[in-house]
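# A look at the structure
Listed below are the residues making up each chain.
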Amino acid sequence: MSASPRVLVILPGHLGDLIVATPALAWLRANLGDATITVLAGPWGRDVADHCPHVDAVETCRFPAFDRATTASSLPPGQGGRAKRIYISGKGVGLGFRITLPAPVARIRDLATHAIRMWRADRLLRLTADRLRGRFDAAIIGSTDFGWGAALVALAGIPVRVGTATPDATAFLTHTVPMDHVPIGAWTRGLPRRNTAAVLLDLMDLSTAVLRPVPSPSSRSADTTASKGWGDETRIPTARKWRDAPSSELRLRYDPGDAEVAEADRAWSSLNGHHEIRRPEVNSPGASPIEAHLHRWQEGGAVEGPSATRGNAMQDLVVLPPVPGAAVKRWSPDRWATVIDRIHEPYPARVILTGTASDRPEIEAIIRACTAPVLPLSFAGMVGFGALGAFLPRARLVMGPDSGAIHLAAAQRVPTLRLFGPTDAAVWGAWTGIDPLPIPPTGRLVRDIQDVPVVHVSSARACAPCHRLSLPPRDQWPSDASFNQESRDRDGSVGTSTATSTLPSSTYPCMDAISVEAVMRGFDALWRATNDPANKNAPA
């Protein structure tokens, strides 16, 4: 093996997944200091790899199973047995019309779609393998169940291939770590399980042992050392396991650049020291709150922010990224509005909604559903992911569903309140450095590896967590009483309210089972924990 190994780390996930992988990248660099580390990421996650100081180069691949553009609206084969609704519209026609496909036709459509997807995945596999061939000494599959990636590095002829031992991947790998099968259902919530960061760190420990074996005393002669390609004996590191490392070496990391810090400073300047937005008249003409806010931002003017009479505005900001990448993690806009109203009433805080430009319709729905005199602010589409990372340390806390923005806040040492439906709070929640971790009851305060307070609020549904993000679209879901928003009020309890969600069919049963009361209890616990000045973040 070369004294300076060329290592390829495959990280196919999205932004939050790659932030969770940053402790593993840091540990790989600490143990293979002179290695050339290249990350192969999806274009949707490249931003995090570009901001990681432990990575030498970044390349991209549109990994089939992780490409939301091709998987978000399609069903896997075998789920086309009942009639499905589709929308058809022609050029120049403003409104589409709905038709229903008979079950056999829908089944044929599903099979054809699956066949095309498999052909594209095979073609991409071969083209990417050709691109990687002969360039790397080792490859690490940084996803716990990714057979396609294992096949890719085997086809590319990379000699050392490390990953988790799964049925789809094991045959293509030279070295594996055991795969922990995460149990499903509410009865498992008290059982210890492994955080994703810990599994990735195990992969790095194994990779280090393979790439830099420590020779036995009898083999430490100069001739033997040179013959094995180790070079100078002083370059052989002492074998270390990640469990023996200080927490400072295993923290989540995202380092915004200078331009992103400047963008965050401009955003902060636009907020600080201005008066609160009062609720507009219901029938007033003109642009929507988001449109008016965006217009002021584009013109370089100030947007209304927290009132100076509330004291230190930095400590009063509550950031809410309400729209996760996967639709199954969404919470009802009406319930978010209720939470925001209840925060604005007794707490000296101001909520800021963040997201991409495509998230504006849902954020607009949340703002319009608010009934308190003070409305939340919207930064939807106004700051990029890196600038958001530079802005978040100015907030007292960040709350939202399990998403990349929540992991970004954790990387900036900001307290977080996290909602979990189909995903597992122990697996994807706060990285505490404890392995395995028995997740505490929902709403209980925990502290991550940097001693930052975190609260997890998990779904009360019996089948959660199920670890499935590729559920069918909501309009293709079987009838379920828990989807009937007309039978539930905005507090999330069964009632007689006839108010429907602003975005109908926007929540799945596991997220629908999270009540406003549970979120507010978690918010209050986190708010009290951040009353300690040691937990408040200084301005960036």
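Conventions and cut-offs
Residues numbered from 1 in each chain as written. Predicted model: local features only at pLDDT ≥ 70, side-chain atom pairs only at ≥ 80, totals over all residues. Heavy atoms only, no water. Helix = DSSP H or I, 4+ residues; strand = E, 2+ residues; numbered from the N terminus. Buried < 20%, exposed > 50% of the residue type's maximum accessible area, 1.4 Å probe, protein only. Contact = heavy atoms within 4.5 Å. Areas by Shrake-Rupley, 256 points an atom, 1.4 Å probe, with all protein chains shown as cover. Phe/Tyr/Trp six-rings, centres within 6.5 Å; stacked < 30°, edge-to-face > 60°. Lys NZ or Arg CZ within 6 Å of the ring centre and 35° of its normal.

Attention now moves to the overall build of the chain. Along the backbone of the chain there are 17 helices and 17 strands. Per-residue burial over the chain gives 51% buried out of 540 residues. Long-range contacts, defined here as pairs at least 24 residues apart, represent 71% of the contacts in the chain between residues at least 6 apart. Accessible surface, the chain as shown: approximately 23400 Å² in total, 55% of it carbon and sulfur.

So, about the environment of Trp268. Mapped onto the elements, Trp268 comes out in helix α8 (residues 258–271). By relative accessible area, which is 15% here, Trp268 ends up buried. Residues Trp268 and Arg394, spaced 126 residues apart in sequence, show a C-alpha to C-alpha distance of 8.4 Å.

Our focus in this paragraph is the environment of Val351. Looking at the element boundaries, Val351 is found in strand β11 (residues 350–353). Taking the relative accessible area as the measure of exposure, Val351 reaches 0% and is therefore buried. Taking the C-alpha atoms as reference points, Val351 and Ser378, 27 residues apart in sequence, are found 8.7 Å from one another. Not counting residues up to four positions away in its chain, the partners in contact with Val351 are Val318, Leu320, Ile340, Ile343, His344, Pro376 and Leu377.

A full pass over the atoms with the stated rule returns 11 aromatic pairs. When the centroid spacing of 5.8 Å and the interplanar angle of 50 degrees are considered together, the rings of Trp242 and Trp431 count as tilted. On the criterion of sequence distance, the pair formed by Trp242 in the loop between α7 (222–227) and α8 and Trp431 in the loop between α15 (425–428) and β15 (437–438) is long-range, its members being 189 residues apart. Taken individually, Trp242 and Trp431 each receive the classification buried, so the pair is uniform in this respect. With centroids separated by 5.6 Å and ring planes inclined at 85 degrees, the aromatic side chains of Tyr254 and Phe385 adopt a geometry described as edge-to-face. In this pair, Tyr254 is assigned in the loop between α7 and α8 and Phe385 in helix α13 (residues 385–391), connecting sequence segments 131 residues apart. Residue classification places Phe385 among the buried positions, given a relative accessible area of 18%. Taken together, the ring pairs connect Phe63, Phe66, Phe146 and Trp148 into an aromatic cluster. Positioned above the aromatic ring of Trp527, the side-chain terminus of Arg396 is 3.6 Å from the ring centre.

Keep in mind these numbers describe shape, not what the thing actually does.
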